[in-house]
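Summary of structural features
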Amino acid sequence: MFVHPDEDTRTDGGFQGERAVLAGYLRDQRLTLELKCAGLDAEALARRSVEPSNLSLLGLVRHLAGVEQYWFRQVMAGQAVRRHYRSEEDRAGEFTGAVADPAVVADAWATWRAEVAFAEQLVAEAPGLDVTGETAHDDERMELREVLVHMIEEYARHNGHADFLRERIDGRVGQ
């Protein structure tokens, strides 16, 4: 086990209302990502899975910071911001730039936490889950509730990757 059940900050459901359910499950997925990365140094966080993949825990943190930014800042808040860690020249920059440097790790966590805080505030202050944002794809509108469901799915998929990555690093599995 990663942590004793009494020390696990994630919930086991019990949320009341649609907003609380979606925000609560997303929060738990975010906490799971932190748990999968806990206690690792820069070298371990940047360790690639297997060739030729560029997947690493640090890359996942950077990627999810960008996903948070896109869906909440760009789509839902309508902010025109430059994407974190990626460019037209390096569309996989979240992963290719995930190097074993403590400054890169600190930046990734700070960026991810700032984007999570922005998203949590946006969700808490939204007048309802039916508010819409505009995606970059053909001016498609998307409701906040769908964004929350998508984010839960995104984290769940990548937390599965994180499980395998962590097991390869030090044998820790589960939770």
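Just above, that's the structure.
Summary of the structure given here. All values reported here derive from a predicted model rather than from experimental measurement. (Residues numbered from 1 in each chain as written. Predicted model: local features only at pLDDT ≥ 70, side-chain atom pairs only at ≥ 80, totals over all residues. Heavy atoms only, no water.)

1. A few points about the pattern of salt bridges
Filter applied, for reference: Criterion for a salt bridge: a side-chain nitrogen of Lys or Arg within 4 Å of a carboxyl oxygen of Asp or Glu. Secondary structure elements follow DSSP: runs of H or I no shorter than four residues count as helices, runs of E no shorter than two count as strands, and numbering proceeds from the N terminus. The rule is simple: take the accessible area with a 1.4 Å probe, protein chains only, and divide by the maximum for that residue type; under 20% is buried, over 50% is exposed, in between is partly exposed.
As enumerated under the stated definition, the model contains 14 salt bridges in all. Ionic pairing is found between Arg113 and Glu34, a salt bridge with its closest N-O pair at 3.0 Å. Taken together, the residues Arg113 in helix H5 (residues 102-125) and Glu34 in helix H1 (residues 18-37) connect sequence positions 79 residues apart. Note on Glu34: relative accessible area 24%, which makes it partly exposed.

2. Remarks on the layout of surface pockets
Rules: Only protein atoms enter the 1 Å grid used here. Points where a 1.4 Å probe fits but cannot escape make up a cavity, open sets with protein on both sides within 12 Å along at least five of seven lines make up a pocket, and a residue lines them when an atom lies within 4 Å of a point. Grid points are joined across faces, edges and corners, and a volume is the space filled by probe spheres set on the points. In this count, Pro and Cys sit with the nonpolar residues alongside Ala, Val, Leu, Ile, Met, Phe, Trp and Tyr, while Asp, Glu, Lys and Arg are called charged and the others, Gly among them, polar.
For the largest pocket, the calculated volume is near 310 Å³. Around the largest pocket, the lining comprises 13 residues; the ones closest to its centre are Tyr70, Arg83, Arg86, Arg91 and Ala136. When the residues that make up the lining of the largest pocket are grouped by side-chain class, the tally is four nonpolar, three polar and six charged.

3. A short note on helix H6 (residues 144-170)
The test is simple: A helix's residues, less one, multiplied by 1.5 Å, set its expected span.
Between its first and last C-alpha atoms H6 spans 38 Å; for 27 residues at 1.5 Å apiece the expected length is 39 Å, and the two agree. Gly171, located one to two residues past H6, shows a positive phi value of around 85°.

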